[in-house]
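# Structural overview
The residues making up each chain are set out below.
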Number of protein chains: 2
Amino acid sequence: MLKVSKKEMIVGGSKTHYFISPLIMDNVSLQSCPATNPSMLNVHLVPHTHDDVGWLKTVDQYYYGDRNYIQHAGVQYILDSVIDQLQKDPARRFIYVETAFFYRWWRQQSQDTRRIVTQLVNEGRLEFINGGWCMSDEATTHYSAVIDQMTLGLRFLNDTFGECGRPLVAWHIDPFGHAREHASIFAQMGYDGFFFGRLDYQDKARRMKTKEMEMLWRASESLTPPLADLFTGVLPNGYNPPEGFCWDQSCNDAPIRDDPDLEDYNVDEIVQRFLNVSYNQAAFYKTNHIIMTMGSDFQYENANLWYKNMDKLIKYVNALQAKGSKVNVLYSTPSCYLQELNLANLTWPLKTDDFFPYADDAHDFWTGYFTSRPALKLYERLSNSRLQTCNQLEVLGGPKSTSGPFGEGDSDTMSKAMGVAQHHDAVSGTEKQHVAYDYARRLATGWAHCEVLVRNSLAVLSGSESPRVFCENLNISVCPLTESSQKVLYFSMNVYNPLGRTVSWPVRLPVNGSLYNVTDSNGKAVDSQVGNYVFMSFKHICNIYDMKSSSLLPLLSVRWFYVSINSKSILVYVFKFLKVNFDDTTGLLSSLTNLETNQTIRLTQNFYWYNASAGNNKESHQTSGAYIFRPNSSDPFVINKTAEIQTVTVSSTVQEVTQWFSPWVSQVVRLYEGHRELELEWTVGPVPIADGLGKEVITRLDTDIESSDYFYTDSNGREVLERRKDYRPTWDLKQTEPIAGNYYPINSRAYIKDDKHQLTVVTDRSQGASSIYNGSLEIMLHRRLLYDDFRGVGEPLSEPGEFFDGLVARGRLLLALTPPKMAADVHRPLAQGMVLQPLLSFQDGTPLANTKLEFSGLQAALPPAVHLLTLSQWDKDSVLIRLEHQYQAKESETHSQPVTKLFSTLEVLGASEMSLGANQWKEDMNRLQWNTGSQLFISLTFEQIITLNPMEIRTFLLRVRQL
Amino acid sequence: MLKVSKKEMIVGGSKTHYFISPLIMDNVSLQSCPATNPSMLNVHLVPHTHDDVGWLKTVDQYYYGDRNYIQHAGVQYILDSVIDQLQKDPARRFIYVETAFFYRWWRQQSQDTRRIVTQLVNEGRLEFINGGWCMSDEATTHYSAVIDQMTLGLRFLNDTFGECGRPLVAWHIDPFGHAREHASIFAQMGYDGFFFGRLDYQDKARRMKTKEMEMLWRASESLTPPLADLFTGVLPNGYNPPEGFCWDQSCNDAPIRDDPDLEDYNVDEIVQRFLNVSYNQAAFYKTNHIIMTMGSDFQYENANLWYKNMDKLIKYVNALQAKGSKVNVLYSTPSCYLQELNLANLTWPLKTDDFFPYADDAHDFWTGYFTSRPALKLYERLSNSRLQTCNQLEVLGGPKSTSGPFGEGDSDTMSKAMGVAQHHDAVSGTEKQHVAYDYARRLATGWAHCEVLVRNSLAVLSGSESPRVFCENLNISVCPLTESSQKVLYFSMNVYNPLGRTVSWPVRLPVNGSLYNVTDSNGKAVDSQVGNYVFMSFKHICNIYDMKSSSLLPLLSVRWFYVSINSKSILVYVFKFLKVNFDDTTGLLSSLTNLETNQTIRLTQNFYWYNASAGNNKESHQTSGAYIFRPNSSDPFVINKTAEIQTVTVSSTVQEVTQWFSPWVSQVVRLYEGHRELELEWTVGPVPIADGLGKEVITRLDTDIESSDYFYTDSNGREVLERRKDYRPTWDLKQTEPIAGNYYPINSRAYIKDDKHQLTVVTDRSQGASSIYNGSLEIMLHRRLLYDDFRGVGEPLSEPGEFFDGLVARGRLLLALTPPKMAADVHRPLAQGMVLQPLLSFQDGTPLANTKLEFSGLQAALPPAVHLLTLSQWDKDSVLIRLEHQYQAKESETHSQPVTKLFSTLEVLGASEMSLGANQWKEDMNRLQWNTGSQLFISLTFEQIITLNPMEIRTFLLRVRQL
């Protein structure tokens, strides 16, 4: 495969109007950094605004400044005002972060304004920082969606401003704890540094004392340094200005009153106070440069207030230099500050774990949001799967995908909806209820656009333009087409598998008949195949018949099943990989056996709820809320000591036991033939609150695994970190919340293990998890609370349900029991299968003649270690592709090896490797280098374009021609 | 006397740096008015901000945006922002009103900004409206101070911008009722129109129904029309935008969301709503032009929000014209709107009374503030007297006044302090307590500057530079110099009389000795003169000796008294003009006799308090507060049915009776020899509130005068209006508050009368007054309340005292009994004497040799009808002088005649007559003309420069040389 020249790569042009090649300009931001004074304490004032892409208001309400009675915030005006003010003095600087907002604003600007803004960017006066579509949450996001949202934002900046628009610094000033995987992603995207505001208060106190507020974060155990190394700084005041120096319209600090003829002249007092603050802050940092974040939430709507007073501050503070003052204050940006730190050529401490959980006080652990809004968290995750499918089908179906027989479709709407959904008050569940609805609405709208695209694409790929429906509500057994199909006798189902390899996937359809024939695309009866399919009906609680099916799906493929009613009875199979025992007395699980490896553990599983603190105990008034998890006792209440076994179903493809714990908790324990995991499909809700008690519902798996205090959780769905109860790797923890202080976010999995056994739980969404007892693993499933937790959202987290008083959440946990060495071989593909789910679509009747019944976008399956992370249309002639080694170093004997095979089906005219964020050619990446004591740097050389090392993601822009 | 040419008049230059001759440019504002469409309904959007010169915060706090926790408001930013936004589109307009703020802002601007602003003014894009130093209160201000504050503001505008900066429209959108004298002043200042926001809700309802929202106000019964005619418009929404169209940062109305890709696109809905609002409003007005005030209190701090949305509104509303819409919306100004009304050439209704009292609902009469903060009201009035004295002495003393042996002094500081004190939340008493203190502090600072000037001037005039002290606390009998003078045997007192004629004025000094000799400047013993002097001692309640003196003061003169201790005893005289009887049983006044006219009335006087509503009755929750007077019963509680007579003093010059009513109410009834008035010196406070009842304290004069329902109150201290109980001249009043609804402001006097008798009360400050019963006149003296009254001030009016819990107020009422025809001859000079009081200063010992002991600035006393309203230094070579005919037409048989004599002592090189506001040559005044049905216009011709007609004020700029 030839690598195209740069010139060739930009021939294709762009979909956006303001395309500037990433290659035309150098990034001049650093060249335009303000002068500093090496013999003084340099105070870098960083004017900034923090614009939540939804929180108390929706993203569009924030943009327009609508519903200011909820919160005064209007981003359109912020950008208007900042651009005006920047023009007034070339010394002024501003950074902007959230591209979702900047994008909205930019397209409403005149050519004149665009020209002015471009000049400000080129001169480094307006600098983009972070630059993703949003500032993503770090605890509850999946790396796949994070990379997408970053790419979306960075691409807009790149298309619009070129190299000068490329952010050099990652900026997560607000997220509530920091994931190592995020740091790894930022490093791979070419960022030189990372700043954030929130970390555990004990950690911060220690770091201040030891001057370790700034460090090098080695964010991967697999990637060769410095590939995932990221310089990381803790900001001194969260992301706020020092106390008394907030001059936004939303603040009440005294302005600088420098007219001696008016009352209360205060220049001398303010200057003195600023000098004190500067010296105090400098004591916690290593260099003679310090940073001050001059801004906060939605500030700078009237930037004049800020700049006018900062101008005066700079003028009067620096005027004292003539009288011997050694403080030099200047407008700056994080990248200019970072450059000074780099030039200092110091040795920095190394950080290898993460920054979870986050506590801002002894009883204030932000571990509730790991689970808050479980339904939104699931919907976001499903939407990611749908977006990947949409992206892939846009590539595979070619131009007719977006404009075809079913109309105009697009993936952009879904990309943007997913972009905002990654925000740290979106999928995190910490937004107001109406905003949560808005995120869901956006995702639904995004999918509606994608549906058209998918219909078009499938029409192209199948050669059939027959109408096609998607059954969105299969999880609650609703699909009008299949349910009404007894009248038309036939319907057909199409399955698209977005993974790069074959998976087995159970399909369950609601029908009104009692027996169906299913045939595959070859006309063979599905249920006659060996153990690969589940297709069955049973009495539903509402007297509706469900149909169930699973199939071995071809990679990236379309496959047809034919379903018609007949009178055959159901066969029952025995499964070969797993065995589950139930306790006759309690009805609970009692043991789990892996029949392949011949290992058995004791396994009891039940549901409990922690009584949420109402803020009325003596240690602290902190309540449980959308952010905070604070049980008022370490002992959860069991919902029921016994489970009533309601139904037992045994068939050739699935075995199910339905457990009933209470009117609001039930579960289906399910084994599929040919599968190595045990599925626990839990249903929780409406959580009752008539007793006046907020409840945080968990399920707990109690085993005889000798896990001691250790357990393991993934970071954004990728690498796994070791956790230890009542312990932090980097400081001597004083544990003040024995439950909440041990909760960690899980995005796709958690496990406990000992020498022999590893019990891995793969989840369908982000949740909070912990191991409080030896051999125990608990996962929080749902929360319903009665009080706000004083972090701004101003609502108790008590989600309404559609039909009931209170949200009913349903989800799946997949349990795998393996020897530790074999665990990754099971949980890695299992988790990827959960993330990228097959897309089902339905048509009335049988397919027309000449319908192409099968199609594969890949000529062959990818190697087991390689995951097709991204396949999406970049512009008319280019496709973005990301290949990922999905195993960590050393976790799999088989798969934790470099992989050197690659695939292709499209006619690839050329390929260029890019940074992970796809906003820079890989060969142009030239990040700052940092010392960490004795650490030796190893340069990564690219021997072959097709080599993937463990946990590596490589990003390519392919120039393609549709075959 | 020659009138100088214009060219000559501007030779002198100006004290300000940015002087532009008033004569260089024409006012182009009107020429730059936006085009309108005669076949459509033209909606004039008037962007404006209403910037209180102190209210919840002090004027400087408002300017800087300090203490935003009290109220978010920062005028510096408003002007910054508006100037920025005006530059973005030449169609945009803005009006600015309060020169006190604009002045603060202007002097901090760069030359570049000043140039830009000047251009905006010249192009009519920024238009000054009203233009006084503040937007004065109309109920509690004295015309003298109002003219001064208008002149101060208008002069700054004139000096800075010339003719283009001359306001054409008066704009009192917030004051709580409207005085006819204000309208008269505006007319005489050359304003073409007047707009306001607040009027009685019944009046407004009627005017809307009859389309009389706009009218011609004939604001004087004395001045020949159209001299005091003023076109007057009632704004449709107070001064706010129509509901739903407020786009300030302080508002929460929905912005125009015109991006169809974002949620909640609302252009169609907003446009439709605006069309409805426009047509609804147009139904109440006569022309096809309507005005909308787009702004409110301290709005436009971030003007972008307003303009961005108004731009869109104009764009989308006018776009509908292509589809047949007949609404044309445009940026405009009040003067452009007024011009359209004038061009309509309609006949307008005529208004001759005033707009007091103001009620915004049935139980919400804004008649409390007539009396609120009685001590501030007095201090403001005394400060006016001091400022006039300071101005006069600056002229008379020449350049050494401002820079002389006692240092640098000025009258500007006092002028500006008085300028802000006229604000409708200043002297009105409706500000927060800390702001009231600030106004007082400013007046004190102003006086401190004036003191230096006065010392310098008196040094020049007397030829003696001996140190001089002013005893500020004579009203509470504190003057360290006179009290300690027994050690030095001698001190001397200087008296400066700012009136244009001789007055008799009692002087009372605290001393420690028991007997004093007093001699005048000629060495004659003062107490030996015939009946003209009071100089006596008596036992004070605190055992301190007071000394009292009165003298016949020369006009504008300096006169010396020598005081030394001797052993002479006190003589007692009998007085010739008045006789007072007391009731032996009650100790109250029982009758008053004028010995000259030989008329006697029954006169009982006592003190009462209305129980202030606590808002807990069933008709309304309205409380009494700083603004609102609402007694919860029409029957006031008597403080004591009897008065205890504490002391009776009879001397040759004064007779006093001290009445004690309660621990917090007492009074001295006092007659001076040679005086025609009875003085009632009341002391009220601390008003007790331990009983949980707010109190509004009145004194009531009950007589046998057959006044029926009629009584009379002055307007801003000038012309008198007839009042009638439960009646309004212009609409059929439905009286809902039998007491509060009958209160009117008095600034200097009130009276009742019948055919034979007129009892006139002259006051020392503004107060509220009424006549509830036949023959009765009541005056509210003090108020102490327990609740806020929901008009924004957010504090109950409960003033703290310096030494006690609660303010003690002391004041004087001067009673004159005359036949009605002779009343003005007494009360006019009496009131002017109260307004312009002699200034006393003291020196240790006897004057040095060669001290000039007497001086007069006038060669002869002014004619009795002529009042010297203004004599102040204009610039180095010019002096501003205002002469006033102080009698109304027909009120005095002797004095209500034109006067044709004039005076001079300075060498006057030339004189030019100006408008009342001194910002336009009188001959250039060319006001719009208005039709009022059959009314005939009479042009005023200036026959002689020295002719004054009743109630006329003439304003001259004199070019002078110091003799």
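Keep in mind it's a predicted model, so treat the numbers as computed, not measured.

Under the criterion given, the structure shown has six disulfides over all chains. The disulfide bridge from Cys246(B) ends at Cys251(B), spanning 1.8 Å between sulfur atoms. One quick way to see it: the torsion about the S-S bond of Cys246(B) and Cys251(B) is about 45 degrees, and its sign makes the bridge right-handed. By the burial criterion, Cys246(B) is buried, and Cys251(B) matches it. Here Cys134(A) stays free of any disulfide, with the sulfur of Cys450(A) as its closest cysteine sulfur at 18 Å. Judged by its relative accessible area of 0%, Cys134(A) falls in the buried class.

So, about the nonpolar core. Generally speaking, a soluble globular protein has its nonpolar side chains buried in company with each other. Membership of the largest hydrophobic core comes to 185 residues, with the highest contact counts inside it found for Leu45(A), Phe102(A), Leu126(A), Trp171(A), Tyr300(A) and Leu678(A). Apart from the residues lying within four places of it in its own chain, the contact partners of Leu126(A) are Ile83(A), Leu86(A), Phe94(A), Tyr96(A), Val117(A), Leu120(A) and Val121(A). Counting 174 residues, the second-largest nonpolar core is a separate cluster that includes Phe194(B), Phe231(B), Val329(B) and Leu376(B).

Residues and elements named next belong to chain B. With 30 residues, helix α14 (residues 433-462) ought to run about 44 Å at 1.5 Å a step, and its terminal C-alpha atoms sit 42 Å apart, in line with that. When you tally the buried positions in α14, you get 21 out of 30 residues, the bulk of the element. Just beyond α14, the residue with positive phi is Gly463, at close to 75 degrees.

What follows covers the pairing of strand β28 (residues 695-703) of chain A. Residue and element names in this part refer to chain A. Burial of β28 is extensive: nine of the nine residues sit out of reach of the surface. What you see with β28 is no split at all: Lys695, Val697, Thr699, Leu701 and Thr703 on one side and Glu696, Ile698, Arg700 and Asp702 on the other are buried throughout. Direction of pairing for strand β22 (residues 599-611) relative to β28: antiparallel, over a ladder of nine bridges. Note on β28: the bridge partner recorded for Gln605 is Leu701. The pairing of β28 with strand β35 (residues 776-784) spans eight bridges and is antiparallel. Looking at the pairing, Thr699 lines up with Ile779 of β35.

Before going further, it helps to examine the interface of chain B and chain A. Between chain B and chain A, the residue contacts involve 43 residues of the former and 43 residues of the latter. Carbon and sulfur atoms make up 39% of the surface buried where chain B meets chain A, a total of about 3,500 Å² over both sides. For the chain B face of the interface with chain A, the top three residues by lost area are Tyr64(B), Leu262(B) and Glu263(B), together amounting to 19%. Measuring nitrogen to oxygen at the nearest pair gives 4.0 Å for the salt bridge that ties Arg67(A) to Asp264(B). For the pair chain B and chain A, the number of links is 30 residue pairs in polar contact (both at pLDDT 80 or more). Of all the secondary-structure elements, those providing two or more residues to the side of chain B that touches chain A are α2 (59-64), α3 (75-86), α10 (303-319) and α14 of chain B.

This next bit is on the side chain of Glu891(A). Residue and element names in this part refer to chain A. Counting through the fold element by element, Glu891 comes out in the loop between β40 (878-885) and β41 (907-914). Engagement of the side chain of Glu891 in a polar contact is seen with the backbone nitrogen of Gln888, the distance being 2.9 Å. Not counting the four nearest positions on each side in its chain, Glu891 is found in contact with Lys821, Ala824, His827, Arg828, Gln886 and Ser896.

With that out of the way, let us pick up the packing of aromatic side chains. Remark: the centre distance and the inter-plane angle together describe each pair of aromatic rings, the angle taken between the planes. By the definition in use, this model includes 84 aromatic pairs over all chains. One aromatic cluster is present, built from ring pairs that chain together Tyr96(A), Phe102(A), Tyr103(A), Trp105(A), Trp106(A), Phe128(A), Trp133(A), Phe156(A) and Phe161(A). Across from the ring centre of Tyr727(B), 4.3 Å away, lies the NZ or CZ of Arg724(B), which sits over that ring.

Another point: the packing of helix α13 (residues 412-421) of chain B against α14(B). Residues and elements named next belong to chain B. Running from amino to carboxyl end, α13 crosses α14 at an angle of 160 degrees, the nearest separation of the two axes being 7 Å. Viewed along their axes, α13 and α14 adopt a mutual orientation that is roughly antiparallel. At the point where α13 passes α14, the crossing takes the left-handed sense. Within the contact between the two elements, α13 uses Thr413, Met414, Ala417, Met418, Val420 and Ala421 and α14 uses Tyr439, Arg442, Leu443, Thr445, Gly446, Trp447, His449 and Cys450.

For the coordinates displayed, the defined rule picks out 103 salt bridges over all chains. Arg115(B) is paired through a salt bridge with Asp112(B); the nearest N and O atoms lie 3.9 Å apart. Remark: Asp112(B) and Arg115(B) occur in helix α5 (residues 111-122); sequence separation between them is three residues, near one turn of the helix. Judged by relative accessible area, which is 48%, Asp112(B) ranks as partly exposed. Three or more residues are tied together by salt bridges with common partners; here these are Asp60(A), Arg104(A), Asp438(A), Arg441(A), Arg442(A) and Glu263(B).

The operation relating the two chain copies consists of a rotation about an axis and a shift along that axis. Expressed as a screw transformation, the operator carrying chain B onto chain A has a rotation angle of 180 degrees and an axial translation of 0.0 Å, and the superposed copies differ by an RMSD of 0.0 Å. Here the two chains are linked by the operation of a two-fold rotation axis. Across chain B, the rotation axis passes nearest the C-alpha of Asn302(B), at a separation of 2.8 Å. Interface residue correspondence from chain B to chain A reaches 100%, placing this contact among same-surface, isologous pairings.

Another point: the sheet that holds strand β6 (residues 214-218) of chain A. Residue and element names in this part refer to chain A. One open sheet accounts for five strands, arranged β4-β5-β7-β6-β10; its pairing is mixed. A single partner strand is all that each edge strand has here, and the edge strands are β4 (169-172) and β10 (350-351). Bridge count between β6 and strand β7 (residues 229-234): five bridges; the pairing is antiparallel. Paired with Met215 across the bridge in β7 is Thr232.

Adjacent strands of a sheet form backbone hydrogen bonds with each other and so pair up, either parallel or antiparallel. All names here are of chain A. Spatially, β8-β1-β9 is the arrangement adopted by the three strands of the open sheet, whose pairing is parallel. At either margin of the open sheet sits one strand with a lone partner, and together these are β8 (289-294) and β9 (327-331). On average, each strand axis in the sheet is tilted by 25 degrees relative to the strand beside it, whichever way the strands run. Against the sheet, helix α9 (residues 267-282) touches β1 (41-47), β8 and β9, its axis set at about 120 degrees to β8. Its contacts with the sheet put helix α10 (residues 303-319) on β1, β8 and β9, and the angle it makes with β9 is roughly 155 degrees.

With that settled, the discussion passes to helix α16 (residues 820-835) of chain A. Between the first and last C-alpha of α16(A) there are 23 Å, a value that for 16 residues agrees with the 22 Å anticipated at 1.5 Å per step. Here α16(A) has its buried residues at Ala823(A), Ala824(A), Val826(A), His827(A), Arg828(A), Leu830(A), Ala831(A), Gln832(A), Gly833(A), Met834(A) and Val835(A).

The rules behind each value
- Residues numbered from 1 in each chain as written.
- Chains lettered and ligands numbered in written order.
- Predicted model: local features only at pLDDT ≥ 70, side-chain atom pairs only at ≥ 80, totals over all residues.
- Heavy atoms only, no water.
- Disulfide = S-S within 2.5 Å.
- Buried < 20%, exposed > 50% of the residue type's maximum accessible area, 1.4 Å probe, protein only.
- Core = buried A, V, L, I, M, F, W, Y, C linked by side-chain atoms within 4.5 Å.
- Contact = heavy atoms within 4.5 Å.
- Helix = DSSP H or I, 4+ residues; strand = E, 2+ residues; numbered from the N terminus.
- Expected span 1.5 Å × (residues − 1).
- Pairing = 2+ DSSP bridges.
- Buried area = accessible area lost by both parts, 1.4 Å probe.
- Salt bridge = Lys/Arg side-chain N within 4 Å of Asp/Glu carboxyl O.
- Polar contact = N/O pair within 3.5 Å; in protein donor to acceptor, adjacent residues only side chain to side chain.
- Phe/Tyr/Trp six-rings, centres within 6.5 Å; stacked < 30°, edge-to-face > 60°.
- Lys NZ or Arg CZ within 6 Å of the ring centre and 35° of its normal.
- Axes fitted to C-alpha atoms, helices over the stretch in contact; angles between N-to-C directions.
- Parallel < 35°, antiparallel > 145°, perpendicular 65-115°, else oblique.
- Left-handed = near helix turned anticlockwise from the far one by under 90°.
- Least-squares fit on C-alpha atoms with pLDDT ≥ 70 in both.

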